Amino acid sequence: MCGIAGLIHRDGATSVGKEMTAMLKSLKHRGPDSTGFAVYGTSTANEYVMRLKLAEQEDLAKDHHIRQKIRARQSEVDRLLAELGAETIEVTEATPYAFRYRLRYTGDTRRLAADLEQIEGAEVLSFGSALELIKDLGDATQVSEQYGLGTFRGTHGIGHTRMATESDVDIRSAHPYWAYPYNDIAVVHNGQITNYWIMRREMERLGHRFMSNCDSELLAVYTANNLEQGATLEDSLKSSIKDIDGVFTYVVATENELGMAKDTMAAKPMVLFESENLVALASEEVAIRAIMPREIDTSDPYDEEVRVWQR
């Protein structure tokens, strides 16, 4: 199952957090295990937002000393950021285990993320100029309220409701996935990738990291690898249709673009609405109607179809 959704406004910032929440609420029946959002706001030169988790949600119940451990881990994060020359402008505790850092930094973002992930329990969920990636266990209402998404303003976003079929129910296995080490690229996916382990080993030989055993993470790593080689987002989406085996529909967002691709069998659904100022797409039309209450015309992308839109 799983449900995916995305939207992009071509005429400026709106309440995109509220809109993405409404879309994913309507897809709750497709995946109750976890919900995730990748939303895009305004960017400032040499400033980044880092979304970081220092434990899993389930650790709060399993480990009586986890809060103390998280405090120690956060102290190590702060020490390392200072050591690498990153100025912390603001820190927000979204949950006892998830944090939002606003940073001023001019150094190597790949090294910063890699060094932070050497800390026990640490995972950089996203590091972006415009991107903020939020994901947790629970439905769209729970996650949105927990992380304050209702007040987030931006131009575009993607989201996912997950039904776990092949990997654990935890934040690490939830979507979206950040296309590490690219600052503002995130991916959501519905489907099954049958050559996952072959392609994963190939990506690992090229030096890419994986944080989960979820096949969807491969699409983020694959996208990052292609862009690192100089491909455009459209190039990468087209290449994925011949390189990746299985049934899949996936959506990719960058700082200024929204893109989608369907495999050769087109077994996983996607519905598309496009107007002069707004593009919205989702696994089911009900998600688009959650933000477009008036009568609209929608379409279904064909097999092997690739589309990219700019804001």
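Refer to the structure printed above.
Treat the numbers as computed from the prediction; the structure is a model and nothing was measured. Each chain carries its own residue numbering, running from 1 in the written order of its sequence. pLDDT decides what is reported in this predicted model: residues at 70 or higher carry local features, side-chain atom pairs at 80 or more are listed and counted, and totals for whole chains, interfaces and linings draw on all residues regardless. Computation of side-chain values: all heavy atoms of the structure, hydrogens and water removed.

(A) Main features of the nonpolar core. Ranked by size, the top nonpolar core spans 73 residues in total, and within it M23 and M50 carry the most contacts. Contact between two residues is taken to exist if any of their heavy atoms lie within 4.5 Å; hydrogens are not considered. Setting aside residues no more than four positions away along its own chain, M23 makes contact with A5, G6, L7, A280, L281, A282, A287, I288, A290 and I291. In these notes, a set of buried Ala, Val, Leu, Ile, Met, Phe, Trp, Tyr and Cys residues joined through side-chain atoms within 4.5 Å is what counts as a nonpolar core. Buried means the residue's accessible area, taken with a 1.4 Å probe over protein chains only, is under 20% of the maximum for its type, while exposed means over 50%, and partly exposed covers the values in between.

(B) Local environment of the pattern of salt bridges. Note on definitions: salt bridges are taken to be side-chain nitrogens of Lys or Arg within 4 Å of carboxyl oxygens of Asp or Glu. Using the criterion set out here, one finds 27 salt bridges in the structure. Between E132 and R51 there is a salt bridge; the shortest N-O distance is 2.8 Å. Placement of the pair is E132 in strand β7 (residues 131-137) and R51 in strand β3 (residues 47-53), with a sequence separation of 81 residues. Neither E132 nor R51 differs from the other in exposure class; each is buried. The shortest N-O distance in the salt bridge between E305 and R307 comes to 3.7 Å. Strands here mean DSSP runs of E at least two residues long; helices mean DSSP runs of H or I at least four residues long; both are numbered from the N terminus.

(C) Here's a closer look at empty space enclosed by the protein. Cavities and pockets were defined on a 1 Å grid built over protein atoms only: a cavity is a set of grid points that admits a 1.4 Å probe from which the probe cannot escape, a pocket is an open set flanked by protein on both sides within 12 Å along at least five of seven lines, and lining residues are those with an atom within 4 Å of any such point. Grid points are joined across faces, edges and corners, and a volume is the space filled by probe spheres set on the points. Under the definition given, this model contains three cavities of 30 Å³ or more. Approximately 70 Å³ is the volume attributed to the second largest cavity. In terms of lining, the second largest cavity is formed by E123, V124, L125, L133, K135, P176, Y177, W178, R209, M211 and E217. If you list the elements that add at least two residues to the lining of the second largest cavity, you get β6 (123-128), β7 and β9 (177-178). No other element matches the three residues that β6 contributes to the lining of the second largest cavity.

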